[in-house]
Each structure stands twice: as structure tokens, then as C-alpha cells.
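Each chain, letter by letter, is given below.
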Amino acid sequence: MLQGRRVLLAVTGGVAAYKSAILARRLVEAGAEVKVILTDSAREFIGAQTFAAITGGQPFTTLFGETSVSPHTDLARWCEVAIVAPATASTIGRVANGISSDLVSATLLTTRSPVLIAPAMHTEMWEHPATQRNINTLERDGYLLIGPASGALAGGDVGIGRVVEPEEIVEAVEAMLSPDDSTLRVLVTAGGTREPLDPVRYLGNRSSGKMGHAIADEAARRGFTVTLVTAADLSALPTVKVVAVETADEMLDAVSGEDADVAIMAAAVADFRPSKSSEGKISRADGLDSIELSPTPDVLASVVARDERPFVVGFAAETEGVERAIEKAVVKKVDLLVYNDVTEPGSGFESNTNRVVLIDGEGQTEPWPMMSKQEVASLLLDRIVGDLAARA
Ligand code: CTP
């Protein structure tokens, strides 16, 4: 059911646009409040009045000249989910490349809500490397793709490129907006903590925080309630609650205050901190023979020890091979451990890519190929949601 949910339907120019009238009808029947954008090309195939009659409101057709001064930001903020059906190769190309030249692409670039894209085009266009490149980009950027299906195409051709049926799209939207998802509380830690030695210097590590931030953003795109406790100076999507911390102690404090169903501990927490942090800057003339260190709290262990223990995912950046990580997964009693070898090119701290091995609580391993940190985030969330569903 989509009772009261705010759904934006963008219809772009293809013969399958007629099916979007049925899609709009199905969404309304499911209880959704539906607003429609029609591109100029879409109106070559189907009239605005059809959608007005089905949804009870006039479709939006242009970036300029509407009654609102900024229809794309209004629609982007209004919707809880956006659908593009049918999505033509040109709209896909614009969105994949961030070209906001029409109302559909400008709205999709602005919205922070999840977007479902249902491509429809001739087989040759679908299979063209440019289209496939753009589709890969959209998937990497967190858009959800549905179809295309195979079957009859425009002009009597047959092949892959048919838009999926309206009922299937409604099901996908229901899954995207399911109440379970919006209430799933995801806690993510990210970045490398900094342990002060004096007001100027600290002990730190080379973690960039990119992996943890990618996970938090991806979880937010899926509609989860996300808290990100981060020691990294990186941005996050506006729907993510960000708690900025510096030290392991601060991270423990921040994490302790957050209830969660899933805890993804991607931070590189310092294991030791200087026992004393000098109030004034330590000068060269004073000399410093050694730094006494004390252990920091184990943030992950504190989450594992909770009475209401969330699903816990640990990370292990190692230099000595996977065996140590397998042992760590079992000893730390995590549900999943994401291992990566930081000495491998393209898998290190500041890299945008990662090659990881997923290890479950029993020490079973699943190696994943090299991929972007966003793709790792997406697959990891798929896996967590799958494991939670299997338990339920
Ligand atoms: N972790 C944590 N708090 C710490 C240390 C680690 O929450 N003080 C978490 C990390 O975020 C990570 C997991 O524990 O998810 C494993 O971190 P790692 O540094 O590999 O484990 P350690 O127990 O510190 O083991 P070692 O440094 O000896 O490899």
C-alpha cells in the first residue's frame, strides 16, 4: 500500500508513455498522492489532460513559466520517491552526466529521495556502449533501475528494451517505501580518530572516511534512518544525522547515545592514545624522549555487548592476509566483517575503490571483485537487508 505517500512520476518521450497513464492510475489506486512531469517529447505521445484526470492535478511540463518560481526544487523536496517511466536514452544520458537542462533532469539532480528508473528504447539504443556506460553510472550513483524487459517494441520490432509493466513498478515503489525500511535505524562510524598529544599535534591514521560516508549516504537513499558518527571532514546527504567527533572517547560517547538496528563500524579507531595531552604546545627545546600511550575504548565491542544488540558489521583493514580477519570476525562476535588488504593497489585508505572479502560470524568468506566504494556500500546494504529478512 502507498497510502498518503508522495510519488513523483516523470514521463519522458517514448511510445511506452501511454503505459505511464496506467501506472499513474495504479499508484493512485494504491493510495499514493501522485504528481506528474511530462517532457515535451512525452507530450508527442500522450496528453497532459489524461494525467490531470487520473491524478487530479495538472502535470508539470517546464522549468520556466510554471506558477512556481522553482518547480524543480519544489517537486524534488515534495516527493518521497521519484519514478522515471518510460526513461529514454536521452534522459538517462542527461541524468547520468548531471545535465540539468529540463524539468526532469533538474528535479532528479535536486532530490534526495530515492529514484526508480524504468528505461524503454529500441534494443540497439539500449545495447549501445554510451547507454550502458550511463546506466552503470546511474547505478553507481545510487539510482534504482527496473528493466527493461524483452518483448514487442515500437514499429513491430521485438527484443530487449520494453518498459516493465506498471504493476511491477508499483511493487518496486512499495518495496522502496516499505515502512520497515523507513524505520530501520542504521548507525555508521567513519573516519580515522585523532588522539591529541598537545593542542597542535595528534596521533592519527590514514583512513579517509570515504567508505563509511558512502555507506551512510546509500542507507539514506534507501530511506533508512541514518546516524553517522564521523571523524572525517567529508559531506553527507542532508537526511543523514551527522555527529562529528575527533577521538575514540568521543566516538564511544556519541555511539552510546544512539539506538540502532544495524551498526556498521567503518571507522579506523585509534587503539592507543597519548596518556597525557599537554595543555600547551610541546616545544622542541623542552624535548620529548617518549610518548606514553594508553588503550582506547573498543567502540565496536560496546555495541556488541548491548542488551538490545543490533546487527553488527565490523571492518578490518589488514596487511597480513585474510586469516587474521577471519579470526577477528569470530572473536569480535560480529555478524559480518568487511576485510580489505590495504597494501593492495586500489584498495587502500584514500582510494575510491575497494576490493573486499566479506566474512560472516562463522568465518565463512565471500570475496568480492574490485569496485567503487559506492558499489561496495550498495552490495553491503543489500546483504544486510537480506540477512535481516532471513532472520525475521
Ligand atoms: N574498532 C572500534 N574501536 C576500537 C578499535 C576498533 O570500534 N577501539 C572497530 C573498527 O571500527 C572495526 C573493527 O573494530 O570495525 C576492527 O578494527 P581493527 O582496528 O581491525 O581491530 P582491532 O581490534 O583494533 O585489532 P588490531 O588493531 O589489533 O588489528
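As a reminder, the structure under discussion sits directly above these lines.
Described below are features of the structure shown in this document. Note that the structure is a prediction, hence the values are computed from the model and not measured. (Residues numbered from 1 in each chain as written. Predicted model: local features only at pLDDT ≥ 70, side-chain atom pairs only at ≥ 80, totals over all residues. Heavy atoms only, no water.)

It is worth spelling out the overall build of the chain at this point. Helices and strands together make up the secondary structure of the chain, namely 15 helices and 21 strands. When its C-alpha atoms are laid out on the principal axes, the chain stretches across 80 × 45 × 40 Å. Across the 392 residues that make up the chain, the buried fraction comes to 51%. When contacts within the chain are restricted to residue pairs at least 6 apart in sequence, those whose partners lie at least 24 apart make up 66%. Accessible area of the chain: about 18600 Å², with a carbon and sulfur share of 50%. If the 35 positive side-chain charges of the chain are averaged to one point and the 54 negative ones to another, these points end up 3 Å apart. (Helix = DSSP H or I, 4+ residues; strand = E, 2+ residues; numbered from the N terminus. Buried < 20%, exposed > 50% of the residue type's maximum accessible area, 1.4 Å probe, protein only. Contact = heavy atoms within 4.5 Å. Areas by Shrake-Rupley, 256 points an atom, 1.4 Å probe, with all protein chains shown as cover. Lys, Arg positive; Asp, Glu negative; His and termini not counted. Charge placed at Lys NZ, Arg CZ, Asp CG, Glu CD.)

All right, on to helix 3 (residues 48–55) then. Among the residues making up helix 3, those that are buried are Phe51, Ala52, Ile54 and Thr55. Down the axis, helix 3 shows its buried residues gathered within 170 degrees of arc, on one side only. Summarising the geometry of helix 3, the exposed residues directed more than 90 degrees from the buried face are Gln49 and Ala53. In this fold, the buried residues of helix 3 make contact with strand 1 (6–11), helix 1 (17–29) and strand 2 (33–38). Looking one or two places after helix 3, you find Gly56, whose phi comes out positive at around 85 degrees. (Arc of directions from axis to C-beta.)

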